[in-house]
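Architecture and fold: a report
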Amino acid sequence: MSAPGRLVPLSAGAAALAGALVATVLLTPDASAATTITVAADGSGNYTTVQAAINAVPANNTGAVTITVKAGTYRGVVTIPADKPYITLAGLGSAARQVVIVEGHASGQTKPGGGTYGTSGSASVFVNANNTVIRNLTMSNDFNEAANTLDAEQAVAVNTSGDRVEFDNVRILGNQDTLLVNAPSASAVRRLYVRNSYVEGDVDFIFGRGTMVFQNGTVHSLTRGSSSNNGYITAAATDINNKFGYLFWGTTLTSNAPAKTVYLGRPWHPSGDVNARGQVLYRGVSMGAHIRNDPWTDMSGFSWKDARFSEYSSTGAGAVVNANRPQMSASTAAQYVPTAYLAGNDGWNPIR
């Protein structure tokens, strides 16, 4: 914005014209100058869709832009492009459940232009930009598994591949592959900080090769109706050269599944990548009775024992200690703290 100048009186005609111009700007904001844009499905904001508001932000934006979203359900894919950093997407409801961004695509579904969505392309929300903040809203993929017989029913709610991304008081809802903690390449480090939030799913519902700290909040495993296997919380694909994958810190694990039927995770090796050596640490986590006594398992011929899976100082009915549950030592745990996961090469520290 330019610096404010000296105010001078306007004639009646000039004042009327200025008022009309201001009204026009408020309805169709110049996103290069505006700091806040409002979305409302009922037309009471600047735009009726979240994507239209994002589209109004100029490419290679350098200033902070806040997009506030009034209570309502907004169906349709939302993408924050890589060339639009510094966007904050904030729900205006009194609770995260009052603003819902939702779509229902699945991996095996046919796209309008041909081909299928694929797992990563099935997301309802894509966060490709760095320095993005999303707070106080729900992001959901409501693909109905029971009503379909697709060969591939992965249905991602959020695909985040930007760096220095923050989720605060959000709900992320889906079934298989709910939250993709992504990175554009095996060597790229992409950091996601999730605070005071809720995520649910059943199979590999937090997955990918990015780095994530999940502080407080709830991770909820949905039952699949099995008496022995109701899915896997994580499927990390952390590259062996990246020390840090996923840290669950002070989080609560809940479920509507029977006792001892849910795994903490398994190792994902995309395209058979032998260097994908997932790193997951559950630290100071309250674990419900749904967690299995042998909570790590193999995947696609790769042994979980070759991954970097561990627990430290967890509590609750599911926090059993035995030979199948590697426990991190206190001396090693001193290196695996939230600030270390998020610092990267630039010292990023969003924790508060």
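The rules behind these values
- Residues numbered from 1 in each chain as written.
- Predicted model: local features only at pLDDT ≥ 70, side-chain atom pairs only at ≥ 80, totals over all residues.
- Heavy atoms only, no water.
- pLDDT = per-residue confidence, 0-100.
- Contact = heavy atoms within 4.5 Å.
- Helix = DSSP H or I, 4+ residues; strand = E, 2+ residues; numbered from the N terminus.
- Pairing = 2+ DSSP bridges.
- Axes fitted to C-alpha atoms, helices over the stretch in contact; angles between N-to-C directions.
- Salt bridge = Lys/Arg side-chain N within 4 Å of Asp/Glu carboxyl O.
- Buried < 20%, exposed > 50% of the residue type's maximum accessible area, 1.4 Å probe, protein only.

Brief notes about the confidence of the model for the protein
Here the protein averages 91 in pLDDT, and 90% of its residues register 70 or above. Here residues 1–34 scores under 50 on pLDDT; set against residues more than four positions off or in separate chains, the count is 18 contacts.

Some words on the environment of I351
The topology assignment puts I351 in the segment after α5 (338–343). Between the C-alpha atom of I351 and that of K111, which follows or precedes it by 240 residues, the distance is 39 Å. Ignoring any residue separated from it by four or fewer positions in sequence, one finds I351 in contact with Y193, Q215, W249, P338, T339 and L342.

Regarding the pairing of strand β15 (residues 198–201)
Strand direction decides the pairing type here: strand β12 (residues 171–173) and β15, joined by two bridges, are parallel. By the bridge assignment, R171 is partnered in β15 with Y198. As judged from the four bridges shared by β15 and strand β18 (residues 218–221), these two strands associate in the parallel manner. In the strand pairing of β18, E200 is matched with H220.

What to know about the sheet that holds strand β3 (residues 72–75)
By definition, the strands of a sheet pair up through backbone hydrogen bonds, in either a parallel or an antiparallel sense. The eight strands are arranged β3-β6-β9-β12-β15-β18-β21-β24 in an open sheet whose pairing can be described as parallel. Pairing within the sheet leaves two strands with one partner each, and these edge strands are β3 and β24 (286–287). When strand β6 (residues 99–103) meets strand β9 (residues 138–141), the two strands line up parallel, connected through four bridges. Paired with I101 across the two strands is M139, which belongs to β9.

A few points about the sheet that holds strand β22 (residues 263–265)
Strand order in the open sheet made by the seven strands is β4-β7-β10-β13-β16-β19-β22, with parallel pairing throughout. This sheet does not close on itself; its edge strands, each paired only once, are β4 (78–80) and β22. Geometrically, the sheet is characterised by an average inter-axis angle of 15° between neighbouring strands, direction not taken into account.

Notes on the pattern of salt bridges
If you walk through the whole model with that rule in mind, you get 13 salt bridges. Across the pair D346 and R191 runs a salt bridge, and its minimum N-O distance is 2.8 Å. Of the two residues, D346 sits in the segment after α5 while R191 sits in strand β14 (residues 191–195), which places them 155 residues apart along the sequence. Judged by its relative accessible area of 43%, D346 falls in the partly exposed class. Linked through salt bridges whose partners overlap, the residues forming this network are D163, R164, R191 and D346.

A closer look at unusual backbone geometry
Of note, the phi angle at N131 is positive, near 55°, even though the residue is not glycine. One can find N131 in the loop between β7 (125–127) and β8 (133–135). With a phi angle near 55°, N216 is a residue other than glycine that sits in the positive phi range. In this structure, N216 sits in the loop between β17 (211–215) and β18.

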